[in-house]
Amino acid sequence: MAKDSAIYVCQSCGAVHGKWAGQCGACGQWNSIVEERQSAPPGALKPAATSRARGLQFESLETETPEPPRIFTGVTEFDRVCGGGVVPGSALLLSGDPGVGKSTLLLEVAARTALSGRRVAYISGEEAVEQIRSRARRMGLEKAPVELASATALREILGTLKRDRFDLVIVDSIQTLWSNVHEAGPGSITQVRACASEMVRMAKSGGPAVILVGHVTKDGQVAGPRVVEHMVDAVLSFEGERGYPFRILRAGKNRFGATDEIGVFEMGDAGLRQVSNPSALFLGEGKDRAPGAAVFAGIEGSRPVLVEIQALVAPSGYGTPRRAVVGWDSGRLAMVLAVLEARCGLGLGDKDVYLNVAGGLRINEPAADLAAAAALISSAVDHPLPQGCVVFGEIGLSGEVRAVGRAEARLREAAKLGFDQALCAPLPQGGGGAMDCLSVQRLSEAVERISQRRY
Ligand code: TYD
Ligand code: MG
């Protein structure tokens, strides 16, 4: 044991070492071990009163007290992703790449909540009050009664929050907070963990709901918010492809709601705009689709969303053909290509294959298999799909096309946007509604239909 209480903590994974080393033995990261002095074990700033153990008081599952009403922030997309508003006294983490719009989103949330009559504090450790004001002005929210502060000292923040009773507190960001109990610098894993656990404890013991912002960095220098994910009730991530104005809010963990909901926003000059009809956005204008484009009728969370999947099959100029995918899983593309080759006789082994989900959305549903396959077939045979046609279905390794869930919702959304045909697994009698169903039981039937233009 060292004379002083110096410990060496990997800033990438949080492993504690007895001495410094160039590489962390636990996660293999180089140059990530930093000396930290410890006056109290992490997560135990104030040692709990060591009164004699009194034993546990068990409670029943049933309760007489009604649940406290949720805090509706007024940003509908945000509320939906939270599972229907923010639960009072809960702790949320919002993570995302730098510049994706976390501060913008939370300022909007803070302002709309304050306008609905709740007491809201916005504490920023990153920006000066004047900067936040100017952003609020740009977004037209400067009249909202948000209580604004620029602070980083945890003691000061906790003291204030204990004194004043807020409904919602936003802390931007957890990496800038520091607690004087620990000597490690702000942003180090020790500080992030200690500050987050104190904030969460404050929320849980009858405090306000807390939303913490966490940065995701790729280089591993600054402690990522991973350690915080276990402490909070919900982890929301804000994502966006560079170059696209669309931003998608997802719940990765949620103790109070489903995790598959998404919220769609569009970043503009005056802040974020909520997109209540994402299909129209992802499909873009114009219904004339070129060979290689297929409209996938997908489901994101509880909502049907139509997106265009684009494929390009081109002769390969080099020895090894290229496969590039944006917005979809490259493993699934490999599987679809293998099934096309082995079960349908459509070999693309000597071709370059590019697949792109338009609009910057990322699709995770297996139901997109058939749409991706249709796009590939259409590009390979150079015939466009029928203009008013949507596609969905899962593909099995033996080449069968399987029915997927919520077909009706998918078709309804497609009909709403003017589509009248669907290429999918056979639907139950009358399941297609007004849509003309071009059913296929095997992928080879889809290849025949598209190459012979039999619709
Ligand atoms: P910001 O919320 O500061 O991102 P984060 O907190 O996640 O780092 O948003 C930064 C980006 O958003 C910045 O590149 C500019 C853009 N933006 C707009 O395009 N319009 C706006 O009205 C605002 C406020 C920001
Ligand atoms: Mg920010």
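Higher on the page you've got the structure.
Here we summarise the structure given alongside this text.

Basis of the calculations
- Residues numbered from 1 in each chain as written.
- Chains lettered and ligands numbered in written order.
- Predicted model: local features only at pLDDT ≥ 70, side-chain atom pairs only at ≥ 80, totals over all residues.
- Heavy atoms only, no water.
- Buried < 20%, exposed > 50% of the residue type's maximum accessible area, 1.4 Å probe, protein only.
- Helix = DSSP H or I, 4+ residues; strand = E, 2+ residues; numbered from the N terminus.
- Arc of directions from axis to C-beta.
- Contact = heavy atoms within 4.5 Å.
- Salt bridge = Lys/Arg side-chain N within 4 Å of Asp/Glu carboxyl O.
- Pairing = 2+ DSSP bridges.
- Axes fitted to C-alpha atoms, helices over the stretch in contact; angles between N-to-C directions.
- Right-handed = clockwise from strand over helix to strand, strands pointing away.
- Parallel < 35°, antiparallel > 145°, perpendicular 65-115°, else oblique.
- Left-handed = near helix turned anticlockwise from the far one by under 90°.
- Nonpolar A, V, L, I, M, F, W, Y, C, P; charged D, E, K, R; others polar.
- Near = heavy atom within 4 Å.
- Polar contact = N/O pair within 3.5 Å; in protein donor to acceptor, adjacent residues only side chain to side chain.
- Areas by Shrake-Rupley, 256 points an atom, 1.4 Å probe, with all protein chains shown as cover.
- Disulfide = S-S within 2.5 Å.

1. Here's the deal with helix 11 (residues 443-452)
Along helix 11, the positions that sit buried rather than exposed are Leu-443, Ala-446, Val-447, Arg-449 and Ile-450. In a view along the axis of helix 11, the buried residues occupy a sector of 165°, so they form one face of it. Structurally, helix 11 contributes buried residues whose contacts are with helix 8 (330-344), helix 9 (369-381), strand 18 (394-395), strand 19 (401-402), strand 20 (421-424) and strand 21 (436-439). Of the residues flanking the end of helix 11, it is Arg-453, one or two places downstream, whose phi is positive at about 55°.

2. What about the pattern of salt bridges?
Scanning all chains against the criterion turns up 25 salt bridges. Among the ionic pairs, Glu-130 bridges to Arg-133, the shortest N-O distance being 2.9 Å. Here the residue Glu-130 and the residue Arg-133 both occupy positions in helix 3 (residues 129-138), the gap between them amounting to three residues, near one helical turn.

3. Topic: unusual backbone geometry
The omega angle of the peptide bond from Asp-172 to Ser-173 is 5°, so this bond is cis rather than trans. Inspection of the secondary structure puts Ser-173 in the loop between strand 7 (168-172) and helix 5 (189-204). Its identity as a non-glycine residue notwithstanding, Asn-31 has a phi of 55°, on the positive side. Mapping Asn-31 onto the fold places it in the loop between strand 2 (16-17) and strand 3 (33-37).

4. A look at the environment of Gly-292
The topology assignment puts Gly-292 in the loop between helix 7 (278-283) and strand 13 (293-300). The class for Gly-292 is buried, based on a relative accessible area of 2%. For Gly-292, the contacting residues outside a window of four places in its chain are Ile-309, Gln-310, Ala-311, Ala-375, Ser-378 and Ser-379.

5. Looking at the sheet that holds strand 15 (residues 323-326)
One open sheet accounts for seven strands, arranged 15-16-14-13-17-20-21; its pairing is mixed. Edge strands, defined here as strands with exactly one partner in the open sheet, are strand 15 and strand 21. The mean angle between the axes of side-by-side strands here comes to 25°, regardless of whether they run parallel or antiparallel. By the bridge criterion, three bridges tie strand 17 (residues 389-391) to strand 20 in an arrangement that is parallel. From the neighbouring strand, Cys-389 faces strand 20, where its bridge partner is Gln-421. Running over the sheet, helix 9 touches strand 13, strand 14 (303-315), strand 16 (351-357), strand 17 and strand 20 and is turned about 35° from strand 14.

6. A closer look at the pairing of strand 7
Most of strand 7 is tucked away: five of the five residues are buried. Burial along strand 7 is two-sided: the face carrying Leu-168, Ile-170 and Asp-172 and the face carrying Val-169 and Val-171 are both buried. Direction of pairing for strand 7 relative to strand 8 (residues 209-215): parallel, over a ladder of four bridges. Looking across to strand 8, one finds that Leu-168 is bridged to Ala-209. In the classification by handedness, the crossover that spans strand 7, the intervening helix 5 and the parallel strand 8 is right-handed.

7. Some remarks on the packing of helix 9 against helix 11
For any two helices packed against each other, one specifies the crossing angle of their axes together with the interaxial distance. One way to put it is that helix 9 packs onto helix 11 with a least axis distance of 10 Å and a crossing angle of 40°. Overall, the two elements helix 9 and helix 11 adopt an arrangement that is oblique. Helix-helix and strand crossings are classified by hand; for helix 9 and helix 11 the assignment is right-handed. Residues Leu-370, Ala-373, Ala-374, Ile-377, Ser-378 and Val-381 of helix 9 form the contact with helix 11, whose participating residues are Leu-443, Ala-446, Val-447, Ile-450 and Ser-451. Considered class by class, the residues forming the contact of helix 9 with helix 11 number nine nonpolar, two polar and no charged.

8. Description of the site of ligand 1
In the vicinity of ligand 1 lie 15 residues, with Lys-102, Ser-103, Thr-104, Gly-268 and Gly-271 positioned nearest. For ligand 1, an oxygen atom lies 3.4 Å from a polar atom in the backbone of Val-100. Between an oxygen atom of ligand 1 and a main-chain N or O atom of Lys-102, the distance comes to 2.7 Å. Expressed as a share of its isolated accessible area of 550 Å², the protein-covered part of ligand 1 is 73%. In terms of residue count, helix 2 (residues 102-115) provides more of the shell around ligand 1 than any other element does, three residues in total. Its residues assigned to classes, the shell around ligand 1 shows four nonpolar, six polar and five charged.

9. Comments concerning the sheet that holds strand 3
Within the open sheet, the three strands sit side by side as 2-1-3. Their pairing is antiparallel. Edge positions in the sheet fall to strand 2 and strand 3, since each of these pairs with one other strand and no more. Looking at chain direction, strand 1 (residues 6-10) and strand 3 are connected through five bridges and run antiparallel. Bridged to Val-9 within strand 3 is Val-34.

10. A few points about the state of the cysteines
Across all of its chains, the model carries zero disulfides by this definition. Take Cys-24: it sits in no disulfide, and the sulfur closest to it among the cysteines is that of Cys-10, at 3.7 Å. Given a relative accessible area of 1%, Cys-24 falls into the buried group. Cys-424 provides the cysteine sulfur closest to Cys-389, a residue in no disulfide bond, and the two sulfurs are 8.5 Å apart.

11. Details of the packing of helix 4 (residues 154-163) against helix 5
Put simply, helix 4 and helix 5 touch, their axes get as near as 11 Å, and they point 5° apart. Classified by the angle between their axes, helix 4 and helix 5 sit roughly parallel to one another. Each of Leu-154, Arg-155, Ile-157, Leu-158 and Leu-161 in helix 4 lies in contact with helix 5, whose residues at this interface are Cys-195, Glu-198, Met-199 and Met-202. In the contact of helix 4 with helix 5, the residues fall into seven nonpolar, no polar and two charged.

12. Description of the pairing of strand 14
Summarising burial for strand 14: ten of the 13 residues are buried, a large majority. Bridge analysis of strand 13 against strand 14 gives eight bridges, and the strand direction is antiparallel. Looking at strand 14, one finds that Gly-298 is bridged to Val-305. Taken together, strand 13 and the strand that follows it, strand 14, pair antiparallel across an intervening segment of two residues, in which Gly-301 is found at a positive phi of about 70°. Examined bridge by bridge, strand 14 and strand 16 share seven bridges and lie antiparallel to one another. Residue pairing across strands places Leu-312 opposite Tyr-354, the latter belonging to strand 16.

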